[in-house]
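Descriptive analysis of the structure
Take a look at the letters that make up each chain.
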Amino acid sequence: MALLKSDPCRRHTLATRRSNQTHIVEPKKFFIETFGCQMNLHDSEKVAGTLTQMGYVPTDDPSEADLVLLNTCNIREKANQKVFSRLGSLQKSYGTKPGAKVGLLGCMAQMEGVKIFERAPNVDLVVGSSSYSFIPELVEKLEQGSRHVIDVTQDSDRLFETYADSRGNPYKAFVTIMEGCNRFCSFCVVPYTRGRERSRPGDRVLSEIRRLASEGYPEVMLLGQTVNSWRDPAGIIPSFAGLLRQTAAVPGIRRVRFTSPHPSDFHPEIVEVMETTPQVCNQVHLPVQSGSTEVLRRMKRDYTREEYLRRVEFIQSSPCDIALSTDVIVGFPGETQEDFEETLSLLQRVGYDQIFSFKYSARPGTEAFALGDTVPEEEKGRRLAVLQEFQRKIQTQRNEQLVGRELEILVDGKSQKNASELMGRTTQNKIVNFPGSPELLGKFVRVRVSRAFPNSLAGELI
Ligand code: SAH
Ligand code: SF4
Ligand code: F3S
């Protein structure tokens, strides 16, 4: 994934002058590929920015990179396997530049630590998900010839340092507002890979947002694993809802999104902010995981089906027409057919605009690991397919209700369906593909929806 906007000031070849001779010194190049969630994507932006500041230049071609980095995810077993197979394919099919170094960053690096060097001795660098502020020192050690350089400390006071970042999208910027998680859901590695919950001071968050606005970003996405559990360590901004209000008030910011809120901390005040602050988008991603209270109890999710649905009720009763999305796990240990059907009935009841669904993956070190992995793989696959088909119909119906409507979108890229078209997103985070000229990139335009699909809309400029 290319993460960097091209920066003509930095992408040039460095020239140094000694007496009357000019020596052209090729700058070192880095390649970075990201696995996992938005936090990882944003971490890659921070690492890319730091390396750029050190004089490295980005490349999309790993075979020409001096530093090949994989930013890893550990959430499911498959995510782990992907990294090692990618590592193998990078070394086999591209072959790395002589003297090139390979590094693993992120959540799997954090969790596995030095064991990575045993499993993959060609890896030179391991940096955990809270140690990116140490990249300059660590890369310098590599440059000086050290092998197996590692940092997986989690409690650095440099965690929320403002990084020189290189953002992947010129119109939408991620902003970290907290790190880690204290909830310890029984299936989840995040509290181990990202450590305990730590909130970033509100004034630092806002000063980053002011900077982004002055650089021309109209949209920000506030990030945290339980983003609505954010508390200002300085005690100045009273709540997460207060932070949303202050973010929306920054001149130049026209859209504010956030992910992922935890249902237990989701209060009506957040919906009130959406109703009174047009910049705060009409979209909530509220991970449910299961529709069965009994499964939720074993997952240690801290809410029942009914408590979750009460949150949905106050979100859906808002005049703002707030889109809802969620995450679902099928095949958690002991999940019966009846439990699974409760998840289907919850999907029906809520009518989500989008879901992300996964087969349960038993993760060593988590509490649920001791429960075994009791639902056979084949049955998990069957439930996942049933769930996805069930949801596809719900989404198609939801999207069909928008046909004929006029909607405002922020045009943020080329259409992924048809390269000659553009795409943008509505306040509800619906993708609209439409014919239009590239000058519209980065602009807010109005479109009329002409067709609906399960995952996107087609429209025409008004
Ligand atoms: N903080 C978010 C979740 C982040 S992890 C929340 O509290 O909901 C993203 C998603 O990965 C989770 O919502 C869950 O659906 C899925 N996930 C996490 N651990 C998993 C596991 N062991 N097996 C399968 N899916 C998992
Ligand atoms: Fe994982 Fe639960 Fe924390 Fe979400 S709230 S990151 S699922 S432990
Ligand atoms: Fe994966 Fe880490 Fe995100 S485990 S989902 S990259 S927080």
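An account of the accompanying structure is given in this report. (Residues numbered from 1 in each chain as written. Chains lettered and ligands numbered in written order. Predicted model: local features only at pLDDT ≥ 70, side-chain atom pairs only at ≥ 80, totals over all residues. Heavy atoms only, no water.)

Topic: the nonpolar core
In this structure, Ile 177, Leu 222, Phe 240, Leu 244, Phe 258 and Tyr 352 are the most contacted members of the largest nonpolar core, which totals 66 residues. Apart from the residues within four sequence positions on either side, Phe 258 is in contact with Met 221, Leu 222, Val 227, Phe 240, Leu 244, Phe 266, Ile 270 and Met 274. Within the second largest apolar cluster, 20 residues are counted, among which are Phe 31, Leu 70, Cys 73 and Val 102. (Core = buried A, V, L, I, M, F, W, Y, C linked by side-chain atoms within 4.5 Å. Buried < 20%, exposed > 50% of the residue type's maximum accessible area, 1.4 Å probe, protein only. Contact = heavy atoms within 4.5 Å.)

Quick word on the pairing of strand S15 (residues 323–330)
Across the 8 residues of S15, 8 count as buried, placing the element largely inside the fold. Side chains Ala 323, Ser 325, Asp 327 and Ile 329 project from S15 onto one buried face, and the interleaved Leu 324, Thr 326, Val 328 and Val 330 project onto a second face that is buried too. The sheet contact formed by strand S14 (residues 283–285) and S15 spans 3 bridges and is parallel. Bridge pairing in S15 links Val 284 to Leu 324. In the sheet, S15 pairs with strand S16 (residues 354–359) via 6 bridges, with the strands oriented parallel. From the neighbouring strand, Asp 327 faces S16, where its bridge partner is Phe 356. Following the chain from S15 across helix H12 (residues 337–350) to the adjacent parallel S16, one finds a crossover that is right-handed. (Helix = DSSP H or I, 4+ residues; strand = E, 2+ residues; numbered from the N terminus. Pairing = 2+ DSSP bridges. Right-handed = clockwise from strand over helix to strand, strands pointing away.)

A look at the site of ligand 1
Contacts to ligand 1 come from 14 residues, most closely from Gln 225, Pro 287, Gln 289, Asp 327 and Ser 361. With respect to ligand 1, the backbone of Ser 361 contributes an N or O atom lying 2.8 Å from a nitrogen atom. Protein burial of ligand 1: of its 540 Å² of free accessible surface, 91% is covered by the chains. Those elements that place two or more of their residues in the shell around ligand 1 are S15 and S16. Of the residues assigned to the shell around ligand 1, the class counts are 6 nonpolar, 3 polar and 5 charged. (Near = heavy atom within 4 Å. Polar contact = N/O pair within 3.5 Å; in protein donor to acceptor, adjacent residues only side chain to side chain. Areas by Shrake-Rupley, 256 points an atom, 1.4 Å probe, with all protein chains shown as cover. Nonpolar A, V, L, I, M, F, W, Y, C, P; charged D, E, K, R; others polar.)

Notes on the side chain of Glu 335
Within the secondary structure, Glu 335 sits in the loop between S15 and H12. From its side chain, Glu 335 meets the backbone nitrogen of Gly 331 in a polar contact 2.9 Å long. Leave out the neighbours within four places in its chain, and Glu 335 touches Val 295, Arg 298, Ile 329, Val 330, Phe 340, Val 375 and Arg 383.

Digging into the site of ligand 2
Surrounding ligand 2, one finds Cys 181, Arg 183, Phe 184, Cys 185, Phe 187, Cys 188, Val 190, Pro 191, Gln 225, Thr 226, His 262 and Arg 301. Taken together, the residues of the shell around ligand 2 sort by class into 7 nonpolar, 3 polar and 2 charged.

Re the sheet that holds strand S7 (residues 125–127)
The 6 strands are arranged S4-S3-S5-S6-S7-S8 in an open sheet whose pairing can be described as parallel. Two strands lie at the open edges of the sheet, namely strand S4 (57–58) and strand S8 (149–151), each paired on one side alone. Across 3 bridges, the pairing between strand S6 (residues 101–105) and S7 is parallel. Across the sheet, residue Gly 103 finds its bridge partner in S7, namely Leu 125. Packed onto the sheet, helix H5 (residues 135–143) meets strand S5 (67–72), S6, S7 and S8 and runs at close to 165° relative to S8. (Axes fitted to C-alpha atoms, helices over the stretch in contact; angles between N-to-C directions.)

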